[in-house]
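What follows is each chain in one-letter form.
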Amino acid sequence: MKATEIRELTEAELQQKLHDATQELFNLRVQQSSGQLEKPSRMRELRRDIARIQTVMRQQALAKRSA
């Protein structure tokens, strides 16, 4: 997911995307610990998506506070 796509989402959608991504990351970690993980690169993608979402949420919060 690109940052431009994330910026177009509403606050509620961002919260939902963040929740879904963290849940999926948890599930992948469980799969990894049991040796069933098929695509390890997905974990890296999810961590980066989570960071992007959190960054955009923080930027929006700061923009609201300063406005």
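None of the values given here were measured: they were computed from a predicted structure.

Peer 1: Could you give an account of the overall build of the chain, naming the residues involved and the relevant values?
Peer 2: Helix and strand counts for the chain come out as three helices and zero strands. Tracing the chain from N to C terminus, the helices and strands come up as α-α-α. On C-alpha atoms alone, the chain measures out to a radius of gyration of 14 Å, which is more than a quarter above the 11 Å that the 2.2 N^0.38 rule sets for 67 residues. For the chain, buried positions account for 22% of its 67 residues. By sequence separation, contacts in the chain at least 24 residues apart represent 60% of the contacts at least 6 residues apart. Of note, the chain has its 13 positive side-chain charges centred 8 Å away from the centre of its 9 negative side-chain charges.

Peer 1: Could you give me a rundown of a positive patch on the surface, with the residues and numbers involved?
Peer 2: Among the surface-exposed residues, Arg-29, Arg-44, Arg-47 and Arg-48 lie close enough to one another that they form a single positively charged patch. For the positive patch, the leading source of residues is helix α3 (residues 41-66), giving three residues. With respect to the element layout, Arg-48 can be found in helix α3. According to the relative accessible area criterion, Arg-48 is partly exposed, its value standing at 43%.

Peer 1: Any chance you could break down the confidence of the model for the chain for me, citing the residues and the numbers?
Peer 2: Predicted confidence across the chain gives a mean pLDDT of 95, with 100% of residues reaching 70 or more. Mean pLDDT per element in the chain: helix α1 (residues 3-7) is the minimum at 93, and helix α2 (residues 11-33) is the maximum at 97.

Peer 1: Quick rundown of the packing of α2 against α3? Include the residues and the values.
Peer 2: Taken N-terminus to C-terminus, the directions of α2 and α3 make an angle of 155°; their axes are 9 Å apart at the nearest point. Comparing the axis directions of α2 and α3 gives the class roughly antiparallel. Our pair here, α2 against α3, has a crossing hand that is left-handed. For the pair α2 and α3, contact is made by Glu-11, Leu-14, Gln-15, Lys-17, Leu-18, Ala-21, Thr-22, Glu-24, Leu-25, Leu-28, Arg-29 and Gln-32 and by Arg-42, Met-43, Leu-46, Arg-47, Ile-50, Ile-53, Gln-54, Val-56, Met-57, Gln-60 and Lys-64, respectively. Here the residues of the contact of α2 with α3 are counted per class, giving 11 nonpolar, five polar and seven charged.

Peer 1: Please set out α3 residue by residue, giving values where relevant.
Peer 2: If you check α3, its first and last C-alpha atoms are 38 Å apart, about what 26 residues at 1.5 Å a residue would give, namely 38 Å. Taken as a whole, α3 has its buried residues at Met-43, Leu-46, Asp-49, Ile-50, Ile-53, Val-56 and Met-57.

Thresholds applied
Residue positions are given per chain, counting from 1 as you read along its sequence in written order. pLDDT decides what is reported in this predicted model: residues at 70 or higher carry local features, side-chain atom pairs at 80 or more are listed and counted, and totals for whole chains, interfaces and linings draw on all residues regardless. Note that water and hydrogens are dropped before the side-chain values are worked out from all heavy atoms of the structure. Only DSSP runs of H or I covering at least 4 residues are called helices, and only runs of E covering at least 2 are called strands; the numbering of each starts at the N terminus. The globule rule is 2.2 Å times the number of residues to the power 0.38, and the radius of gyration it is compared with is taken over C-alpha atoms. Here the term buried applies to any residue with accessible area under 20% of the maximum for its type, exposed to any over 50%, and partly exposed to those in between, with areas from a 1.4 Å probe on protein chains only. Contacts: residue pairs with any heavy atoms within 4.5 Å of one another. All tallies of charge rest on Lys and Arg as positive and Asp and Glu as negative; His and the ends of each chain are not included. Where a charge lies is defined by one atom per residue type, namely NZ (Lys), CZ (Arg), CG (Asp) and CD (Glu). Patch building starts from residues that exceed 30% relative accessible area and form no salt bridge, then joins like charges within 9 Å and nonpolar side chains (Val, Leu, Ile, Met, Phe, Trp, Tyr) within 5 Å. Here, Shrake-Rupley sampling with a 1.4 Å probe gives the accessible areas, and only protein chains in the shown set may cover a residue. By definition here, a salt bridge exists when the distance from a side-chain nitrogen of Lys or Arg to a carboxyl oxygen of Asp or Glu is within 4 Å. Confidence of the predictor in every single residue is expressed as pLDDT, which spans 0 to 100. With axes taken as lines fitted to C-alpha atoms, and helix axes fitted only over the stretch in contact, angles between N-to-C directions fall between 0 and 180 degrees. With respect to orientation, any angle under 35 degrees is reported as roughly parallel, any angle over 145 as roughly antiparallel, any angle of 65 to 115 as roughly perpendicular, and every other angle as oblique. Crossing handedness follows the turn of the near helix against the far one: under a right angle anticlockwise gives a left-handed crossing, and clockwise gives a right-handed one. Amino acids are sorted into nonpolar (Ala, Val, Leu, Ile, Met, Phe, Trp, Tyr, Cys and Pro), charged (Asp, Glu, Lys and Arg) and polar (every other residue, Gly among them). Multiplying 1.5 Å by the residue count of a helix minus one yields the expected span of that helix.

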